[in-house]
Amino acid sequence: MPTPPQYCPSPRELDDLELLVTGALAPLTRFDEPGSPVTLTLPPEVASAAAASGAVELVDPEGLPLARVSVPGGSVEALTHVQYGPFRSHYLSPAQVREAYAGRTFVPVTDALTEAQVEEVRALGPVVLLAYVGAGTPALSPVGLLRASLAAAALLPDAAVVAVPLASHGDAELDHRLGVQVARTYAAGDPLHALAEPADADAYPPSIAAVVDFDRPEPADQGLVLFFTGLSGSGKSTLARALMDRLLEQGTRTVTSLDGDVVRRNLSAGLTFSKADRETNIRRIGWVAAEISRHGGVAVCSPIAPFDETRQQVRAMVEDAGGAFFLVHVATPLEECERRDRKGLYAKARRGEIPEFTGISSPYEEPADADVRVDTTGRTIDDALGDVVEALRESGYLDLAAPAVESAATMAAAPAPTPAPAVADRPLRVLFVCTANICRSPFMELLARRLAGTDASVTFASAGTHGFRDHPMDEVMSATLAARGAEAAGFRSRAVTRQMVDEADLVLTAEAAHRSFILDEQPAAFRKVFTLGQFAEAVRAADPTLTGRALITTISGRRGAASPELDVADPYRRGAEAAERAATDIEELLEVVVPRLAAPERAEARG
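Here the residue numbering is sequential within each chain, running from 1 through the sequence in written order. For this predicted model, a pLDDT threshold of at least 70 governs which residues receive local features, and a threshold of 80 or more governs which side-chain atom pairs are given and counted, while totals over whole chains, interfaces and linings are taken from all residues. To get the side-chain values, all heavy atoms of the structure are used, and hydrogens and water are removed first.

A. Focus on the overall build of the chain. For helices the rule is a DSSP run of H or I covering at least 4 residues; for strands it is a run of E covering at least 2, with both sets numbered from the N terminus onward. Summing up its helical and strand segments, the chain has 22 helices and 16 strands in all. For the chain, the spread of C-alpha atoms along the three principal axes comes to 85 × 75 × 45 Å. The rule is simple: take the accessible area with a 1.4 Å probe, protein chains only, and divide by the maximum for that residue type; under 20% is buried, over 50% is exposed, in between is partly exposed. Across the 607 residues of the chain, 47% fall into the buried class. Residue pairs at least 24 apart in sequence account for 73% of intrachain contacts in the chain once pairs closer than 6 positions are excluded. For this analysis, residues touch if any pair of their heavy atoms sits within 4.5 Å.

B. Expanded view of the environment of Leu400. Within the secondary structure, Leu400 sits in the loop between helix 14 (381-395) and helix 15 (408-413). In this structure, the C-alpha to C-alpha distance between Leu400 and Arg241, residues 159 residues apart in sequence, is 14 Å. Excluding its chain neighbours within four sequence positions, the residues that come into contact with Leu400 are Leu243, Arg246, Leu247, Gln250 and Val389.

C. Focus on the sheet that holds strand 8 (residues 224-229). Taken in spatial order, the five strands make up an open sheet running 9-10-8-11-12, and their pairing is parallel. In the strand order of this sheet, the two ends are held by strand 9 (255-258) and strand 12 (372-374), each with one partner. Taking each pair of neighbouring strands and ignoring which way they run, the sheet shows an average axis angle of 20°. We treat two strands as partners when DSSP finds at least two bridges between them. Pairing geometry for strand 11 (residues 324-330) and strand 12, over three bridges, is parallel. Across the sheet, residue Val330 finds its bridge partner in strand 12, namely Val374. Inter-axis angles, ranging from 0 to 180 degrees, are taken between N-to-C directions of lines fitted to C-alpha atoms, where helices are fitted over the stretch in contact. Each of strand 8, strand 11 and strand 12 touches helix 14; the most contacted strand, strand 12, lies at about 175° to it.

D. View of the nonpolar core. Membership of the largest hydrophobic core comes to 48 residues, with the highest contact counts inside it found for Met477, Leu508, Phe535 and Leu597. Broken down by secondary-structure element, the contributors of at least two residues to this core are strand 13 (428-434), helix 16 (440-452), strand 14 (458-464), helix 17 (475-482), strand 15 (506-509), helix 20 (532-541), helix 21 (548-557) and helix 22 (575-598). Beyond its immediate stretch of four places on either side in the chain, Met477 contacts Cys439, Phe443, Pro571, Ala579, Ala582, Ala583 and Ile586. The next biggest cluster of nonpolar side chains, apart from the first, holds 33 residues, and it includes Leu14, Leu28, Leu58 and Val69. By nonpolar core we mean a set of buried residues, namely Ala, Val, Leu, Ile, Met, Phe, Trp, Tyr and Cys, connected to one another through side-chain atoms within 4.5 Å.

E. A look at the pairing of strand 6 (residues 127-132). Buried residues dominate strand 6, accounting for six of its six residues. Burial along strand 6 is two-sided: the residues Val127, Leu129 and Ala131 and Val128, Leu130 and Tyr132 are all buried. When the strands point away from the viewer and the path from the first strand over the helix to the second turns clockwise, the crossover is right-handed. Remark: the strand 5 (residues 105-109)/helix 4 (residues 115-122)/strand 6 crossover connection has right-handed handedness. In terms of handedness, the path from strand 6 via helix 5 (residues 142-154) over to strand 7 (residues 159-164) forms a crossover that is right-handed.

F. Examining the sheet that holds strand 4 (residues 76-78) more closely. Pairing within the open sheet is mixed, and its four strands lie in the order 1-2-3-4. A strand with exactly one partner marks an edge of an open sheet, and here the two such strands are strand 1 (6-7) and strand 4. Across three bridges, the pairing between strand 3 (residues 65-70) and strand 4 is antiparallel. Paired with Ala67 across the strands is Ala78, a residue of strand 4. Contacting strand 1, strand 2 (55-59), strand 3 and strand 4, helix 1 (residues 11-22) runs over the sheet at an angle of about 80° to strand 4.

G. Local environment of the environment of Val374. Residue position: Val374 is located in strand 12. Considered as a pair, Val374 and Ser70 are 304 residues apart in the sequence and their alpha carbons are 51 Å apart. Setting aside its immediate chain neighbours within four residues, Val374 contacts Leu239, Val328, His329, Val330, Ala331, Thr332, Arg379, Ala384, Asp387 and Val388.

H. Seen up close, the side chain of Glu445. Within the element layout of this structure, Glu445 appears in helix 16. We classify Glu445 as buried; its relative accessible area is 8%.

I. Region of the structure containing the packing of helix 16 against helix 17. Running from N to C, helix 16 and helix 17 point in directions that differ by 15°, and their axes come no closer than 10 Å. Classified by the angle between their axes, helix 16 and helix 17 sit roughly parallel to one another. Crossing hand, helix 16 versus helix 17: right-handed. Taking contact as the criterion, the partners of Phe443, Leu446 and Leu447 in helix 16 are, on helix 17, Met477, Thr480 and Leu481. Gly counts as polar in this scheme, as do all residues outside two lists: the nonpolar Ala, Val, Leu, Ile, Met, Phe, Trp, Tyr, Cys and Pro, and the charged Asp, Glu, Lys and Arg. When its residues are assigned to classes, the contact of helix 16 with helix 17 shows five nonpolar, one polar and no charged. Angles are sorted into four bins: roughly parallel if under 35 degrees, roughly antiparallel if over 145, roughly perpendicular if 65 to 115, and oblique for all others. Left-handed describes a crossing whose near helix is turned anticlockwise from the far helix by less than a right angle; the clockwise case is right-handed.

J. Main features of helix 10 (residues 275-294). Taking 1.5 Å per residue as the helical rise, helix 10 with its 20 residues ought to reach 28 Å, and the 29 Å between its terminal C-alpha atoms agrees with that figure. Of the residues making up helix 10, those classed as buried are Asp277, Arg278, Glu279, Asn281, Ile282, Ile285, Gly286, Ala289, Ala290, Ile292 and Ser293. Of the residues one or two after helix 10, Gly296 is the one with positive phi, at around 85°. Multiplying 1.5 Å by the helix residue count minus one yields the expected span of that helix.

Remember that the coordinates give geometry; whether it matters functionally is a separate question.
Here it is as structure tokens:
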């Protein structure tokens, strides 16, 4: 028999494969059972080779063989298991779950838990949160749902999280039945609990809200792909370049142009202008654009992209990466495009000299899902671009009417700014950071201020890694602060920014995870970012005559590890005892740190 061909399935098929192999889809055991949504669709050339060999070998996106599937029949023989991916240790088979968690209540989740839902689960006793993270199922990204579920588990007295790659099959009723079937397989007779639907006013606990904020950024903070499509000569590249200029002039977003000719030279060299190669070129543009959006950037693309299927593939890539896809149809009529044709391409196409030319010998499928439709006939560039700018503003993705960065001429005409004081002559700046900036970090800020006194040459501020914005301090933690002679009246939370970290002389975090969050974004700040426990240990070991900046400089070069054992545990929603324990831990550490930071520096220490 010939060697079976290899095939990398779709994300949905890969998820189905994993559940078939682990037995989670029981009684389903193979692909393509009659009436089952668990199907495997092979491309014609793969299907032909698989039929000749009697099987197909399914591989992951990196080519690792996962299973052999009989053709026909669809029976599955596992070759290996998936070994990599975030939170892979939480992907357990039903048998592994029975061994570790028998007797618990099983709770399927597809979205982050609200405060009300956390309390609902708390009443169930020991639980297993079954996080349905398959393609198209969770409301968050798969990683986001797992992070949110783990954050919820940390707020509960006894909870475990199991990742279940249950994919959506495009039918809500069918998907619900499959979800119940899988949950019953995992529970194996133990109680199942369906969460109540959250009310519109339900809030997330801060630790979960931080995950949701990161996973679902506001439109203005989201990565964005601006995809211009239209006939050759429609004006799409001109509009794309003009929009790019506006973005660069405003100076608030990082922007990358993926223009057709530039991409052809650098990304798609060697491809022809056949239909297959043109579609490959579009998919390459889409993949790069999606990666740009994954990291919060803006990608501006302007290929012809005549086929709806390929545009939908690009949209899916971008949305899977967490970005937003904004489609601009430059709908200039064919007659006008031909009239503008300075290169004579349309004339050559009509003479048959250019095969498969869009609009002449190859179709252009007009998009039905464009976010804005622009006809550039008889219009100036600025006038036509106005339609796009207005649609972007209404969508919330970009407001190009916002003030641009000042021009050099404007800045030159402005009065010279007052020089900033020399670092040694201004107060020392200390920034405290926790998750939501409503519990631990405001306690640090306000208690440190009281311990330092009003005459100390040091200022204290606080922020959260994601956290709530403009919220008061948590009432339970605030009470522990009041018992120590400091008040939280007037305090409002805020999210940490790059500028805050840059301007601080010292950043002290509640946990090692907060420190990692900051350094992942700003590795150059390494020498001034510590956990509070880490810094206090270093202060205890340092020369007792060192204070202020000299102390920070010395410790930055001689520090211990930021061990999680030195973390201040999160007290949020764990009651008054947990809040008092956190307050006591922080107070003990600040009593070591603050007097040394606030003490006057000796002149020789300052050099």
